[in-house]
Structure formats: structure tokens, C-alpha cells
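# Working through the structure, step by step
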Amino acid sequence: MAEAATETPSSRDRIWAEIVELGLEPYIEFLDENGYVVIPPEIAMPEGLADRMLKACLDVAERRNGERPDFETGGSHASMAPYESGFDSFRTRRDRKLKLGLDKAAAYEDDSPHGDLMNSILFEDEVFEEGLMNPVLLAIATYLCGYSATLSSMGCWMRGPNRSTFNLHTDMSVADELLTPHALVCQCTYVLTDFDREHGSTAVVPGSHKLCRQPVGDECIVPANPGDFGNPDVVPVEAKAGSILVWHGNTWHGAYNRRASGLRVSVANYMARDFMRTQEDLRDIIPQEMLDRHPPRFGILTQQGVAAGYRNQDDGWAKDARAEKHNAAYAKASGQRFRAKDGVYN
Ligand SMILES: O=C(O)CCC(=O)C(=O)O
Ligand SMILES: [Fe+2]
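Keep in mind that this is a model prediction, so the values were computed, not measured. (Residues numbered from 1 in each chain as written. Chains lettered and ligands numbered in written order. Predicted model: local features only at pLDDT ≥ 70, side-chain atom pairs only at ≥ 80, totals over all residues.)

### Notes on the overall build of the chain
Tallying secondary structure elements over the chain gives 11 helices and 10 strands in all. Within the span of the chain, comprising 346 residues, buried residues form 43% of the whole. In the chain, 83% of the contacts between residues at least 6 apart in sequence involve partners at least 24 apart. (Helix = DSSP H or I, 4+ residues; strand = E, 2+ residues; numbered from the N terminus. Buried ≥ 20, exposed ≤ 12 C-beta atoms within 10 Å, placed from the backbone. Contact = placed C-beta atoms within 7 Å.)

This is the structure we're talking about:
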């Protein structure tokens, strides 16, 4: 007797079912149209996740910088100089102060649009693992970058009052020809303090993801005030603390300077398709007990299913074997393998 054909749902059907179940359809519609979306706290943040993540971020800053950030005034991060911000060769602010023998006042003589970017925070607190596995974040990341998406990097942006706006850019630093309509990367940001113009929110150009090109010259400038020199199409993202802000990798974004006192804190989960080179190389550094406390998708997200990048033949075999193990476990848990025919939601 002929065996009945077994139909497994396509990746497209699966992600759409997840989106419907989580009540995210209107947000996806907004995302498709505008290239970014804010998921409000009541949907985005289960079980006080935002408060726990904010505390963990302040703890990371204290450990790395040697002093507790001043959350109320933002004074510890006010106009933080570019060389303190993670965009320079000194690892931390304390490093710079020690190496240059600077006192705190001297360290604030300049102004940075970035503040303190604390990279590689996944290992700092279990709450960041929980954030990565949040079903709402994963559903949108999957919609944009597929089930095989990996975490390219996770970092905390911490910023105090400052003068400079952060120039518009895409999160795909490649030539225009390589900016595809469907996302190859996306940024999934936990907004941990209120975002609006006064509080130095992210700035976006709605719909810019459809242009499939980088902003250039004057169109990169975020005007501090309406009518000031710069890109006239920029708008501030308005999001309550506890929201998730997601944007497509092509979307032109930057940030307004913070006029209000206090700290602006966010955690960026930068996601990339599995064939892309990631910012962090997580493969050999995820402890087994970390993998054990999560379902198999955690292994996929933390790059364990990626074989490419071997150093020699033995290493290639070892990486293949690890990737096969994690991909098979994920396939078993989710009921199907990544299939090319399913297209962008693989
Ligand atoms: O500061 C911001 O809101 C933008 C940060 C940014 O460019 C990014 O996370 O890719
Ligand atoms: Fe960016």
C-alpha cells in the first residue's frame, strides 16, 4: 500500500503561526511598511524581564568601569568622550583613566554620540540568555532572518546626557548592491529606559529599508531640532521602558542626543543569517551547562550549528560534527530541518 504523503508545514507557515499566536500581526505589518517596529512592554516583556535586565546592565557597567553608573542624573556617562565609549582602543573607561592618569572631570571634556557600548554581555548574567530566548523577540527575528538565525553580538548601550546626535547608518556595512529587500541582519533592542526625543531615543527614517542603499553625506545627519541641517525625514522612536525595538538591517537609523538627565540603557541583540560572519565568535566559548539549560534553538542562536571557518582538516571535521549535532537536535525538537525550498524563513 502506498504510504500517505507526509506534509510538514513550510517555514513560512510555521513563523506565521507563531506570529498569530503571539498576537504580533499588526506589528509585522508596521515593520514591513516602516522598517522598524516597537513591541510594547505588555507584549514584549514577560515576568519583569526589563527590570532584571536593567539591573544586570548597571552591574556590568560597575564591574567593567569600577564605579556604579549614576542612574538618576546620568552624570557618570554625561558627554562621555569617544575614547571612553567602546569605539576606541581602551577597553574600559577605567582603563583609559588609569593609563592616561586622568581624573573624572578630564575624562568628560569631549562628547560622544555613542556613550558606553559594553560588548559581549551574554556571559555576564543569565537574564541575557532569557532575553535572547524571549519568544516575542525570536518570532520577529525569525520573520526577518529565518529559523537558522544566529546572534551576531549582544551589547549594552549606556548613555548619559550628551550634545552630539548619532549619524544615520544601516547595520549592513556593505556595498549598496548587497542590500537585499529581505533582511540579512536585524537589530532587536531591549529598550530599558523610556525612549523619546528628549531622552535621546533611536532615530529612524521610516521606509528607508526599501531603498536598499546606504545613506550618504548630509542625509546621514540627524537634526537635533526640526528644521536644523540634516535629514528631514528622521523621526524619534517613542518606546516605553520594557519595549522591544526591532529594525530591518537596511533601515537608516542613528540617535538623538539626550537632553534629559539620567541614563539611557538598551540591550542590542544583533541577529544575522547563519551564512554571515558574525561580530562575536561564540562557538568555542559557550559552556555546556549554558547549552543544557535551554532548548536546542539556543545552540543554533549561539552559532553552534555553524561549521564554516575551520583552521585545518581536523578542525573542519570537529566543527562539522558539532554543527551536525546541534542542527539535528534542533531539527528533532522543531519537527523539521532547514530546507532551501522554504526560502527566507529557513
Ligand atoms: O543608539 C541607538 O539607538 C542606535 C544604536 C545602533 O546603531 C545599533 O544598535 O545598531
Ligand atoms: Fe546601528
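That covers the picture; the talk isn't over yet.
### Description of the pairing of strand S3 (residues 150–159)
A large share of S3 lies buried, amounting to 9 of its 10 residues. The sheet contact formed by strand S2 (residues 116–118) and S3 spans 3 bridges and is antiparallel. Among the inter-strand pairings, Met 118 is bridged to a residue of S3, identified as Cys 156. As paired elements, S3 and strand S10 (residues 264–272) share 9 bridges and run antiparallel to each other. (Pairing = 2+ DSSP bridges.)

### Considering the pairing of strand S1 (residues 36–39)
The alternating pattern of S1 places Tyr 36 and Val 38 on one face and Val 37 and Ile 39 on the opposite face, and all of these are buried. The pairing of S1 with strand S8 (residues 243–248) spans 4 bridges and is classified as antiparallel. Note on S8: the bridge partner recorded for Tyr 36 is Trp 247.

### Details of the site of ligand 1
In the neighbourhood of ligand 1, the contacting residues comprise Trp 157, Phe 166, Asp 171, Gln 187, Thr 202, His 253, Ala 255 and Ala 268. Classifying every residue of the shell around ligand 1 gives 4 nonpolar, 3 polar and 1 charged. (Near = placed C-beta within 6 Å. Nonpolar A, V, L, I, M, F, W, Y, C, P; charged D, E, K, R; others polar.)

### Topic: the nonpolar core
Counting residues in each nonpolar core, the largest one holds 77 residues, and the members touching the most others are Cys 57, Ile 140, Ala 141, Cys 186, Val 246 and Met 271. Among the elements that line this core, the one with the most residues is helix H8 (residues 135–145), at 9 residues. Setting aside residues no more than four positions away along its own chain, Ala 141 makes contact with Ala 149, Cys 186, Cys 188 and Met 271. (Core = buried A, V, L, I, M, F, W, Y, C linked by C-beta atoms within 7 Å.)

### A short note on the sheet that holds strand S5 (residues 185–191)
Whenever strands of a sheet pair, they do so through backbone hydrogen bonds, lying parallel or antiparallel. An order of S1-S8-S5-S10-S3-S2 is seen for the 6 strands of this open sheet, with the pairing classed as antiparallel. Here the strands that pair on one side only, and so sit at the sheet edges, are S1 and S2. For this sheet, the mean inter-axis angle between neighbouring strands, taken without regard to orientation, is 20°. Docked against the sheet, H8 engages S1, S5, S8 and S10, running at close to 160° with respect to S5. (Axes fitted to C-alpha atoms, helices over the stretch in contact; angles between N-to-C directions.)

### Overview of the confidence of the model for the chain
Where the model shows low pLDDT, its predicted coordinates should not be examined in detail. Predicted confidence across the chain gives a mean pLDDT of 89, with 89% of residues reaching 70 or more. Every residue in residues 83–91 scores below 50 in pLDDT, and together they form 24 contacts with partners more than four places removed in sequence or on other chains. Long-range and interchain partners of residues 102–109, a stretch whose pLDDT sits below 50, account for 12 contacts in this model, where long-range means more than four residues apart. (pLDDT = per-residue confidence, 0-100.)

### Section: the sheet that holds strand S6 (residues 202–204)
In spatial order, the strands read S4-S9-S6-S7; together these 4 strands make up an open sheet with antiparallel pairing. The open sheet is flanked by strand S4 (166–169) and strand S7 (235–236), the only strands paired with a single partner. As paired strands, S6 and strand S9 (residues 253–255) are joined by 3 bridges and run antiparallel to one another. When the bridges of S9 are listed, Ala 203 appears paired with Gly 254.

### A short note on unusual backbone geometry
Negative phi is the rule for most residues except glycine; trans is the rule for most peptide bonds. Backbone geometry at Cys 212 places phi at a positive 50°, although glycine is not the residue there. Looking at the element boundaries, Cys 212 is found in the loop between S6 and S7. For Cys 212, a count of 15 C-beta atoms within 10 Å translates into the label partly exposed. Unusually for a residue other than glycine, Gln 303 sits at a positive phi of about 75°. As for its position among the elements, Gln 303 is in the loop between helix H10 (297–301) and helix H11 (313–334). A tally of 23 C-beta atoms within 10 Å means that Gln 303 is categorised as buried.

### Here's the deal with the environment of Arg 197
Here Arg 197 lies in the loop between S5 and S6. Between the alpha carbons of Arg 197 and Pro 236 there is a distance of 5.6 Å; along the sequence they are 39 residues apart. Dropping the residues within four chain positions of it, Arg 197 is found in contact with Pro 236 and Tyr 256.

### Let's talk about helix H4 (residues 49–65)
With 17 residues, H4 extends 24 Å between its outermost C-alpha atoms, agreeing within 8% with the 24 Å of an ideal straight helix rising 1.5 Å per residue. Inspection of H4 places Ala 50, Met 53, Leu 54, Ala 56, Cys 57, Val 60, Ala 61 and Asn 65 among the buried residues, and these make up the whole buried set. For H4, the angular spread of the buried residues around the axis is 165°, confining them to a single face. Looking one or two places after H4, you find Gly 66, whose phi comes out positive at around 80°. (Expected span 1.5 Å × (residues − 1). Arc of directions from axis to C-beta.)

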